[in-house]
Amino acid sequence: MTDIIAMQSAEPVIFGVVKIIWQDGFAGIVDLRPLLAKGEMFGFLRADPRRFDGLKLEEYGYKIFWLDDQDDEIDFGSDSLRQRAERQAGLLHLAS
């Protein structure tokens, strides 16, 4: 089992896209638009895309989240975001 690397910072770039820097120095862009396009839990973001800018980084850096209309956290964990960032960076490298 590998240790989960915490995030140092996370900020929205455009709707559905987040720039993240992990504590080990790795920086990546994560495109969440395919996930946000489906699923009832993301409906509040699709209904008002400006809410995406309300992204918050959890105190210890292990997840990012948004608060929905019921103040429930809708989150993505550091490990899954890191995997997406690395995979998306690899695809971009192959395409160039």
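The structure we're discussing is the one just above.
Residue positions are given per chain, counting from 1 as you read along its sequence in written order. pLDDT decides what is reported in this predicted model: residues at 70 or higher carry local features, side-chain atom pairs at 80 or more are listed and counted, and totals for whole chains, interfaces and linings draw on all residues regardless. To obtain the side-chain values, all non-hydrogen atoms of the structure were used and water was disregarded.

**Q** Is there a simple way to explain the side chain of Ser78 in this structure?
**A** Tracing the chain through its elements places Ser78 in helix H3 (residues 78-95). Note on exposure labels: buried denotes an accessible area under 20% of the residue type's maximum, exposed denotes more than 50%, and partly exposed covers the range between, all computed with a 1.4 Å probe on protein chains only. For Ser78, a relative accessible area of 1% gives the class buried. Any pair of residues with heavy atoms lying within 4.5 Å of one another is described as a contacting pair. With residues near it in sequence (within four places) discarded, Ser78 still touches Ile4, Ile5, Ala6, Met7, Trp22, Gly61, Tyr62 and Lys63. Each helix is a run of DSSP H or I of at least 4 residues and each strand a run of E of at least 2, with the numbering of both proceeding from the N terminus.

**Q** Looking at this structure, I do not really get the pattern of salt bridges. What am I missing?
**A** Opposite charge on two side chains makes pairing possible when the charged atoms of those side chains draw close. Whenever Lys or Arg places a side-chain nitrogen within 4 Å of a carboxyl oxygen from Asp or Glu, that contact is recorded as a salt bridge. Scanning the entire structure with this criterion turns up seven salt bridges. Here Arg82 ties to Asp24 by a salt bridge, and the two come within 3.0 Å at their closest N and O atoms. Note that Arg82 is positioned in helix H3 and Asp24 in the loop between strand E2 (17-22) and strand E3 (27-31), a separation of 58 residues in sequence. Note on Arg82: relative accessible area 13%, which makes it buried. Across the pair Glu73 and Lys63 runs a salt bridge, and its minimum N-O distance is 2.6 Å.

**Q** Explain the sheet that holds strand E5 (residues 63-67) here, please?
**A** Hydrogen bonds between backbone atoms are what pair the strands of a sheet, whose relative direction is either parallel or antiparallel. One open sheet accounts for three strands, arranged E4-E5-E6; its pairing is antiparallel. Both edges of this open sheet fall to strand E4 (56-57) and strand E6 (73-77), since each of them pairs with a single strand only. Two elements, E5 and E6, share five bridges in a ladder whose sense is antiparallel. Bridged to Phe65 within E6 is Asp75. Two strands qualify as a pair provided that DSSP identifies no fewer than 2 bridges between them.

**Q** Teacher, can you tell me more about the pairing of E5 here?
**A** Every other side chain in a regular strand lies on the same face of the sheet, so the side chains alternate between the two faces. As judged from the two bridges shared by E4 and E5, these two strands associate in the antiparallel manner. Bridge pairing in E5 places Lys56 opposite Phe65. Hairpin connection of E5 to E6: five residues between the antiparallel strands, including Asp71 at a positive phi of 65°.

Read these as spatial facts, not as claims about activity.
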